[in-house]
Amino acid sequence: MTDVMSTQGQFPGAAGDSDRTRRLRSLGLNEPSADEAFDRFAHLAASITRAPIAMVNFINDERQMFRGLYIPPNSSDVAAEEGASWADRGIAFDLPTRQMPLSHGFCPHVVAQRSPLALDDILAYPRFAGNPVVDELGVRAYLGAPLVDDTNTVIGTVCVLDREPRQWGRERLRDIQHLAEALLSEIRLRDNLLAQQQEMFAAFDGSPFPIMLTDGPGQEIRYANAQHADTFGAPVAYGSIGQAYPQLGVAGLQQAVSEAYRTGRVTVLNDVRVQSNRPEAQRIQQIFSFTCTPLRTARTGQVNGVLTVGMDVTAQSRTEEELGTLAALLVDRLQQNGTATATGRPGVPGGTGLVLPG
């Protein structure tokens, strides 16, 4: 199997990728999109610690990514009664995106030190008082614990924040540590499912058709079989389709994959003309048709990737139905492993994609 891997590096600020970034990529957690499971966990963290803001924060070499986030509704209709929970009272917390630079906040410190951090009043700690989140977001108290996975890699944190000083105490510190341990069970499950997914891809290694898997809205290439690499070239490590294959990007494949990801429906791209990647046939122009099938997590139904299958139609007439039949056969091979379920026949109107565990 041609499994796209990144290069060696150190965190933070190295030219390559650290073990942490590679680990997040392997888990499918290296981008800042919302995740319902982690959002629910953040809400649980806020409830247990009685904090107004909670996050499940994964940290790579470049940024912090809040895959889980809880901020209570800011409603002027709810009276801020003394003794009411923050979730009932509502607060204003301006966080326009689910990501933040490494220079902001205190989670990068928790990750670097591999230990919990409790700040009752941030202004009382000169080392932390000048952090941008104090002035920009009004954060005055912080409590966070590291997420150390089974490979002994610190991949992020579970944390809670307050805009007022807080006496967290030993009980709340213990709570946040227990929450981090509980969340690792979810990470462990994802890791096991991803390992199963890699085993499934072994079925594609001997296929004579180019097959590629992309992850997330950024279309990062996670997998390409040998035929794909032989036909179009080896992909850039975790690069997008446009970066790795300019010819395919210009021909519309990147747009087709984006449409499949955005709509959750199978898309077909015909009459893609590319120059052969083989040195002995550099002047030969090949014509391909591609089917792009969205992949969904079994628990939430959320689209998390796209499986793309190509067919060389240069010397023969192939129909869209035949291409859809090929994609359906690949789905059947996955189903035989007992780890995937088709929710609609790829390449046929009305098909909605392939379900993978996650």
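Scroll up a little and you will see the structure.
Residues numbered from 1 in each chain as written. Predicted model: local features only at pLDDT ≥ 70, side-chain atom pairs only at ≥ 80, totals over all residues. Heavy atoms only, no water.

Asker: Break down the overall build of the chain for me, citing the residues and quoting the values.
Answerer: Assigned secondary structure in the chain consists of 12 helices and 14 strands. In the chain, buried positions account for 52% of the 358 residues. A separation of at least 24 residues holds for 58% of the contacts in the chain among residues at least 6 apart in sequence. Carbon and sulfur atoms make up 48% of the accessible area of the chain, which totals about 16,300 Å². (Helix = DSSP H or I, 4+ residues; strand = E, 2+ residues; numbered from the N terminus. Buried < 20%, exposed > 50% of the residue type's maximum accessible area, 1.4 Å probe, protein only. Contact = heavy atoms within 4.5 Å. Areas by Shrake-Rupley, 256 points an atom, 1.4 Å probe, with all protein chains shown as cover.)

Asker: Any details on the sheet that holds strand β6 (residues 141-148)? Residues and values, ideally.
Answerer: Taken in spatial order, the six strands line up as β4-β3-β2-β7-β6-β5 in an open sheet, and their pairing is antiparallel. The open sheet terminates on both sides in strands that have one partner only, identified here as β4 (99-101) and β5 (117-119). When the angles between neighbouring strand axes are averaged without regard to direction, this sheet yields 25°. Bridge analysis of strand β2 (residues 53-59) against strand β7 (residues 154-162) gives six bridges, and the strand direction is antiparallel. If you follow Phe-58 over to β7, its bridge partner there is Gly-156. Sitting on the sheet, helix α1 (residues 19-27) touches β2, β3 (63-70) and β7, and the angle it makes with β7 is about 85°. Running over the sheet, helix α2 (residues 36-49) touches β2, β3 and β7 and is turned about 70° from β3. (Pairing = 2+ DSSP bridges. Axes fitted to C-alpha atoms, helices over the stretch in contact; angles between N-to-C directions.)

Asker: Provide a residue-level description of the nonpolar core, including the pertinent values.
Answerer: In terms of nonpolar packing, the biggest core is built from 29 residues, with Phe-58, Leu-147, Val-158, Val-160 and Ile-187 touching the most fellow members. Per element, the largest residue contribution to this core is seven residues, and it comes from helix α7 (residues 169-201). Setting aside anything within four residues of it in sequence, one finds Ile-187 in contact with Leu-27, Leu-29, Phe-38, Phe-58 and Ile-155. In terms of nonpolar packing, the next biggest core, distinct from the first, is built from 23 residues, Leu-69, Leu-95, Val-111 and Phe-128 among them. (Core = buried A, V, L, I, M, F, W, Y, C linked by side-chain atoms within 4.5 Å.)

Asker: A description of helix α11 (residues 253-263) should follow, citing residues and the corresponding values.
Answerer: Within α11, burial applies to Leu-253, Ala-256, Val-257 and Ala-260. Relative to the axis of α11, the buried residues are bounded by an arc of 95° and lie together on one face. Among the exposed residues of α11, those pointing more than 90 degrees away from its buried face are Gln-255 and Arg-262. Where the residues of α11 are buried, they touch β8 (211-215), α9 (241-244), α10 (246-251), β10 (267-275), β11 (285-297) and β12 (303-312). Directly beyond the C-terminal end of α11, a positive phi value near 75° is found at Gly-264. (Arc of directions from axis to C-beta.)

Asker: Please provide a residue-by-residue account of the environment of Val-154, values included.
Answerer: For Val-154, the position within the fold is in strand β7. Taking the relative accessible area as the measure of exposure, Val-154 reaches 2% and is therefore buried. Spatially, the C-alpha atoms of Val-154 and Ser-115 are 9.8 Å apart, while their sequence positions differ by 39 residues. Apart from residues no more than four positions distant in its own chain, Val-154 is found in contact with Arg-20, Val-111, Arg-114, Pro-146, Leu-147 and Val-148.

Asker: Pulling in residues and values, what's your account of the side chain of Thr-308?
Answerer: Mapped onto the secondary structure, Thr-308 falls in strand β12. Leave out the neighbours within four places in its chain, and Thr-308 touches Pro-210, Ile-211, Met-212, Leu-253, Val-257, Phe-290, Thr-291 and Cys-292.

Asker: So what about the pattern of salt bridges? Which residues, and what values?
Answerer: The full count for this structure, using the stated rule, is 12 salt bridges. The shortest N-O distance in the salt bridge between Arg-98 and Asp-39 comes to 3.0 Å. A residue pair is termed long-range when its members are at least 10 positions apart, and Arg-98 in the loop between α3 (86-89) and β4 and Asp-39 in helix α2 qualify at 59 residues. Via salt bridges that share partners, Glu-31, Asp-35 and Arg-67 belong to a single interconnected network. (Salt bridge = Lys/Arg side-chain N within 4 Å of Asp/Glu carboxyl O.)

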